Amino acid sequence: MALYITEECTYCAACEPECPVDAISAGDDIYFIDPNLCNECEGLDEQSCVAVCPAECIVQG
């Protein structure tokens, strides 16, 4: 299951460069995670985007 960015996204861009599979991209007002690319940072200790998100708006989809 992929992660999801909620409407609480502040459009800060902290998450995009952290994604190891380039699943995050900018929308008009918030960032989006491509569910076909996101592997929830499989094999890593934590999900990279969740770790850097200041708005805590990245959740299980």
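Rules of the game
- As a convention, each chain's residues are numbered from 1 in the sequence order in which they are written.
- Two thresholds apply to this predicted model, a pLDDT of at least 70 for residue-level local features and 80 or more for giving and counting side-chain atom pairs, whereas whole-chain, interface and lining totals are computed over all residues.
- Values reported for side chains reflect all heavy atoms of the structure, with hydrogen atoms and water molecules removed beforehand.
- Throughout this description, the term nonpolar core refers to a set of buried Ala, Val, Leu, Ile, Met, Phe, Trp, Tyr and Cys residues connected via side-chain atoms within 4.5 Å.
- Accessibility here uses a 1.4 Å probe with only protein chains present; expressed as a share of the type maximum, an area under 20% marks a residue as buried, one over 50% as exposed, and anything in between as partly exposed.
- Put simply, DSSP marks the helices as runs of H or I at least four residues long and the strands as runs of E at least two long, and each gets a number from the N terminus on.
- In what follows, residue pairs with any heavy atoms lying within 4.5 Å of each other are defined as contacts.
- Side-chain atoms alone can form a polar contact between residues adjacent in sequence; in general such a contact is a pair of N or O atoms within 3.5 Å, and within protein one must be able to donate a hydrogen while the other accepts it.
- On a range of 0 to 100, pLDDT expresses the predictor's confidence in each residue.

Any chance you could explain the nonpolar core here in plain terms?
Side chains of a nonpolar character, in soluble globular proteins, are inclined to be buried together. Grouped together as the largest cluster of nonpolar side chains are 16 residues, with contacts concentrated most on I5, C15, I24, I33, C49 and I58. At the level of elements, β1 (3-5) and β3 (31-33) are the ones that each hand at least two residues to this core. Among all residues touching I24, those that are not within four sequence positions of it are I5, C15, E16, C19, Y31, F32, I33 and C49.

Just to check I follow, could you spell out the side chain of T6 for this structure?
Here T6 is to be found in the loop between β1 and β2 (24-26). Using a relative accessible area of 16% as the deciding quantity, one classes T6 as buried. In this structure the side chain of T6 is engaged in a polar contact, spanning 2.6 Å, whose partner is the side chain of E8. The residues contacting T6, other than those within four sequence positions of it, are I30, C57 and V59.

Mind showing me how you'd approach unusual backbone geometry here?
Peptide bonds are mostly trans, and most non-glycine residues show a negative phi. The phi dihedral of Y11 falls on the positive side, at around 60 degrees, and the residue is not glycine. Position of Y11 among the secondary structure elements: in the loop between β1 and β2. Even without being a glycine, A13 presents a positive backbone phi close to 75 degrees. Assignment of secondary structure puts A13 in the loop between β1 and β2.

Got a minute to help me understand the confidence of the model for the protein chain in this structure?
Overall, the prediction assigns the protein chain a mean pLDDT of 96, with 100% of residues at 70 or greater. Mean pLDDT across the elements of the protein chain bottoms out in strand β4 (residues 58-60) (95) and peaks in β2 (98).

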